[in-house]
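Letter by letter, the chains look like this.
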Amino acid sequence: SMASPALLMRVVASAYSVAEKAATIVRNVMSAGDLGIVEKAGPNDLQTKADRLVQMSICASLARKFPKVTIIGEEELPTDDVTEDLIEDGHCEEILKKPCPAQYTEIKEEELVIWVDPLDGTKEYTEGLLDHVTVLIGIAYGGKAIAGVINQPYYNYEAGANAVLGRTIWGVVGMGAFGFQLTEAPAGKHIVVTTRSHSSALVNECITALNPDHVIRVGGAGNKIIQLIEGKASAYVFASPGCKKWDTCAPEAILHAVGGKITDICGNSFQYNKEVKHMNSAGVLATLRNYDYYASRIPNTVKESLVP
């Protein structure tokens, strides 16, 4: 008989189904019309009913299957009273059939940390910019992002009434990433994707120094990484604190699985062990290709302003 799939592949296969359930919740909250918006730290830091229900669904579903895994979600929420209709017990068979990369076959439950952003791009969600929204489930081991799931609940939402809504992108470092068409940005073009609602003098100074041909301003870290892997942008640059570990863990795993690179603005890699502070204080620099080109052009004044 075949050996049962490695723990990592079981976690990823479950996270895939859990993310699809999350997308359904996101769409249901929107179509019901009451977003239940709460301001957390201000008008650009919002939480909706979808953030709350999705986090409860993801964390409770994964905790039930993998009780020794550490799960860290964005929202401060009570963990009890999760209703049974929020639990997703399924898994993606296709993922279970793939062999686990050799370096991850012996991982134990208590060695994994899962970073969850239930709704990345909440502000855009409340404003109806639905294609910016993602659900992020990142899986870390030894402080490194090693696997991730990104669901876009509204992928294809402008394609008409009969279009299939939503998609799930997933990847494992050492295996690759799936659910999208890997595309490189146009050669010789410098297209920078950056924040839509968290701009600052420093953010803009950094972008100006890169002398880009074009700047795309969109919400959501997950969405920005998708711009890179689908060839719509050549660099994701955010010279500011504000991004958190649950914003970057899943995207980092997927980007690294296809040979890309992500660091803070100063070139330091991110750590994802459970004790780490949540804020990525020194911003984000990410590319699918040509990381060094962009890294070498970040001004020292910008780096000195951002302390990791």
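Residues numbered from 1 in each chain as written. Predicted model: local features only at pLDDT ≥ 70, side-chain atom pairs only at ≥ 80, totals over all residues. Heavy atoms only, no water.

## Overview of unusual backbone geometry
Both trends apply: most residues other than glycine have a negative phi, and most peptide bonds are in trans. A positive phi angle, close to 50°, is found at Asn211, a residue other than glycine. Tracing the sequence through the fold places Asn211 in the loop between helix 5 (201-209) and strand 10 (214-217). Exposure remark for Asn211: the relative accessible area of 61% places this residue in the exposed category. At Asn290, a position not held by glycine, the phi torsion is positive, near 60°. With respect to the helices, strands and loops of the structure, Asn290 is situated in the loop between strand 13 (284-287) and helix 8 (291-295). (Helix = DSSP H or I, 4+ residues; strand = E, 2+ residues; numbered from the N terminus. Buried < 20%, exposed > 50% of the residue type's maximum accessible area, 1.4 Å probe, protein only.)

## Thoughts on the nonpolar core
Counting residues in each nonpolar core, the largest one holds 56 residues, and the members touching the most others are Trp115, Tyr236 and Ile265. Broken down by element, the residue count for this core peaks at 7 residues, all from helix 7 (residues 245-257). For this core, the domains that each give at least three residues are domain 1 (7-178) and domain 2 (191-305). Residues within four places of Ile265 in sequence aside, it is in contact with Cys206, Val237, Phe238, Ala239, Ala282, Gly283, Val284, Leu285, Ile298, Val302, Lys303 and Leu306. By size, the runner-up hydrophobic cluster in this structure holds 51 residues, among which are Ala19, Val54, Phe66 and Leu96. (Core = buried A, V, L, I, M, F, W, Y, C linked by side-chain atoms within 4.5 Å. Domains from an automatic or database assignment. Contact = heavy atoms within 4.5 Å.)

## Looking at the domain arrangement of the protein
Split by domain assignment, the protein resolves into domain 1 (7-178) and domain 2 (191-305). Taking the mean C-alpha position of each, domain 1 and domain 2 sit 21 Å from one another. Of the residues lining the interface, 40 residues belong to domain 1; the matching set on domain 2 comes to 31 residues. Three residues stand out in domain 1 for area buried against domain 2, namely Trp115, His132 and Ala145, and they jointly supply 23% of the buried area on that side. Glu230 is the salt-bridge partner of Arg167, the closest N and O atoms lying 2.8 Å from each other. Taken together, the elements giving at least two residues each to the side of domain 1 that touches domain 2 come down to strand 3 (70-73), strand 4 (112-120), helix 4 (122-127), strand 5 (134-141), strand 6 (144-152), strand 7 (167-172) and strand 8 (176-178). Of the residues forming the side of domain 1 that touches domain 2, the biggest block, 8 residues, is contributed by strand 6. Partitioning the side of domain 1 that touches domain 2 into residue classes produces 19 nonpolar, 12 polar and 9 charged. (Buried area = accessible area lost by both parts, 1.4 Å probe. Salt bridge = Lys/Arg side-chain N within 4 Å of Asp/Glu carboxyl O. Nonpolar A, V, L, I, M, F, W, Y, C, P; charged D, E, K, R; others polar.)

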